[in-house]
Amino acid sequence: VQLQASGGGLVQAGSSLTLSCAASGRTFSSYGMGWFRQAPGKEREFVAGITWSGGSTSYADSVKGRFTISRDNAKNTVYLQMNTLKPEDTAVYFCAQAFGQVMTVTPKRVASWGQGTLVTVSS
């Protein structure tokens, strides 16, 4: 599968941003999808996940209530709506595809990665 993430940029704290990830090459609608992020000098961490049907979502505590993950299986695309951004949200954001119907929270267990898109939040 190929995952192409887009939508990153430089924004001020309190702003909103939407990331998109377009998938090709593997049956998109059969697999869980998610977003991870990696800040400079830190390990990659889980941000949000969504099941194959979109019926269930999960979030890291640090983004719960501010970020929303969604997917459009007809467009083979997963989204991450990020509201009330904080400087600590600054990171490279990666979309990911699971091996199964549910996204893991463990980076080592991800099936495929996108190339990453940089989000920088200024204070």
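Preceding this section is the structure that the text describes.
Not measured: the values here are computed from a predicted model. Within each chain, residues carry numbers counting from 1 in the order of the written sequence. In view of the model being predicted, local features appear only for residues whose pLDDT reaches at least 70, and side-chain atom pairs are presented and counted only at 80 or more, with totals across whole chains, interfaces and linings using the full set of residues. Water and hydrogen atoms play no part in the side-chain values, which are based on all heavy atoms of the structure.

**Student:** Would you mind going over unusual backbone geometry with me for this structure?
**Tutor:** Peptide bonds are mostly trans, and most non-glycine residues show a negative phi. The backbone of N76 shows a phi angle near 55 degrees, a positive value even though the residue is not glycine. Under the scheme used here, helices are H or I runs from DSSP no shorter than 4 residues and strands are E runs no shorter than 2 residues, and both carry numbers assigned from the N terminus. For N76, the position within the fold is in the loop between β7 (67–72) and β8 (77–82). Overall, N76 belongs to the partly exposed group, its relative accessible area being 28%. Of note in this structure, T84 is not a glycine but carries a positive phi near 45 degrees. Within the secondary structure, T84 sits in the loop between β8 and β9 (91–97). Only protein chains enter the area calculation, which uses a 1.4 Å probe; residues under 20% of their type maximum are buried, those over 50% are exposed, and those in between are partly exposed.

**Student:** So what exactly am I meant to see when it comes to the environment of S112 here?
**Tutor:** Within the fold, S112 resides in strand β10 (residues 112–113). Its relative accessible area of 17% is what places S112 among the buried residues. Residues S112 and Q2 lie 110 residues apart in sequence; the distance between their C-alpha atoms is 7.9 Å.

All we've got here are geometric facts, nothing functional implied.
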